Amino acid sequence: VQEYGASSLSRGATMTMGREAMFTMSMLGVTPLIQQKLVDSSGWERNTALAAGSLSGALLAGVITHPMDTIKSCMQGDLGRAKYDGIVQTGKAIAAEHGVVQGLFKGLFYRIALISTTFFLVNTFKQRTVPLLFPHALKEADKAR
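Reference entry: report on the structure contained in this document. Keep in mind that what you see is a predicted model, and the values were worked out from it rather than measured.

Conventions and cut-offs
Residues numbered from 1 in each chain as written. Predicted model: local features only at pLDDT ≥ 70, side-chain atom pairs only at ≥ 80, totals over all residues. Heavy atoms only, no water. Helix = DSSP H or I, 4+ residues; strand = E, 2+ residues; numbered from the N terminus. Rg over C-alpha atoms; globule rule 2.2 N^0.38 Å. Contact = heavy atoms within 4.5 Å. Buried < 20%, exposed > 50% of the residue type's maximum accessible area, 1.4 Å probe, protein only. Phe/Tyr/Trp six-rings, centres within 6.5 Å; stacked < 30°, edge-to-face > 60°. Axes fitted to C-alpha atoms, helices over the stretch in contact; angles between N-to-C directions. Parallel < 35°, antiparallel > 145°, perpendicular 65-115°, else oblique. Left-handed = near helix turned anticlockwise from the far one by under 90°. Core = buried A, V, L, I, M, F, W, Y, C linked by side-chain atoms within 4.5 Å. Expected span 1.5 Å × (residues − 1). Nonpolar A, V, L, I, M, F, W, Y, C, P; charged D, E, K, R; others polar.

### Focus: the overall build of the protein chain
- For the protein chain, the count of helices and strands is six helices and zero strands.
- Starting at the N terminus and walking to the C terminus, you meet the elements of the protein chain as α-α-α-α-α-α.
- For 145 residues, the compact-globule estimate of 2.2 N^0.38 gives 15 Å, and the C-alpha radius of gyration of the protein chain, at 19 Å, exceeds that figure by more than 25%.
- In the protein chain, once contacts between residues fewer than 6 apart in sequence are set aside, the share between residues at least 24 apart is 69%.

Shown next as structure tokens:
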């Protein structure tokens, strides 16, 4: 803070917010939606459908958020702005130096593997705890159907 100022604490915050928004949308929105569609239309067992939904949601989240995370990390690692300045300039610099795939998507496979596991576990936990914590909400939802 003394060398780069208080604003250095928020460097990359826009990319962090974008990453987290897309990650959360995929985890709590896309994954259960795909799970429910597979159960309803194909008759898949709930856990099998959740695994497919988790992998699909993780693929979407990973492809969208991995470049954001790379850009954010590069910006945060260069507080002095010697190499990376703003979001667009940082993305272009990474792509120019390493190529789009190697620069912005290197490690994507591992990220998707980690994300899909997280999505499966979080949604399993959510499905088991919501009825315990909010039974009144489930009763209201059943009445609405």
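Having seen the structure, we can now continue with the description.
### Concerning the side chain of S116
- Here S116 is to be found in helix α5 (residues 108-133).
- Given a relative accessible area of 14%, S116 falls into the buried group.
- Setting aside residues up to four positions removed in sequence, S116 forms contacts with S54, L55 and A58.

### Considerations on the packing of aromatic side chains
- Throughout the structure, instances matching the rule amount to two aromatic pairs.
- Relative to F119, the ring of F23 lies with its centre 5.1 Å away and its plane at 70°, an arrangement referred to as edge-to-face. Within this pair, whereas F23 is found in helix α1 (residues 13-42), its partner F119 is found in helix α5, the two being separated by 96 residues in sequence. Side by side, F23 and F119 carry an identical accessibility label, which is buried.

### A short note on the packing of α1 against α5
- At their nearest, the axes of α1 and α5 sit 10 Å apart, and the two run at 60° to each other. The angle between the axes of α1 and α5 places the two elements in the oblique class. The handedness of the crossing between α1 and α5 is right-handed. Of α5, the residues touching α1 (which contributes R19, F23, S26, M27, L28, T31, P32 and Q35) are R111, I115, T118, F119, V122, N123, K126 and Q127.

### Overview of the nonpolar core
- F23, M27, A58, A61, L108, I112, I115 and F119 form the largest nonpolar core, which has eight residues in total.
- Breaking this core down by element, the ones donating at least two residues are α1, α2 (46-77) and α5.
- Here this core gets four residues from one element, more than from any other, and that element is α5.
- By size, the runner-up hydrophobic cluster in this structure holds seven residues, among which are M15, I71, M75 and Y84.

### Focus on α5
- Over its 26 residues, α5 runs 36 Å from end to end, which matches the ideal 38 Å to within 8%, given 1.5 Å per residue.
- Within α5, the full set of buried residues consists of L108, R111, I112, I115, S116, F119, N123, T124 and T129.
- Contacts from the buried residues of α5 go to α1 and α2.

### Here we look at unusual backbone geometry
- With a phi angle near 60°, R81 is a residue other than glycine that sits in the positive phi range.
- Mapped onto the elements of the fold, R81 is located in the loop between α2 and α3 (87-98).
- The partly exposed category is assigned to R81, whose relative accessible area is 46%.

### So, the packing of α2 against α5
- Running from N to C, α2 and α5 point in directions that differ by 130°, and their axes come no closer than 7 Å. Classified by the interaxial angle, the pair formed by α2 and α5 is oblique. Between α2 and α5 the crossing geometry is right-handed.
- By residue class, the composition of the contact of α2 with α5 is twelve nonpolar, ten polar and three charged.

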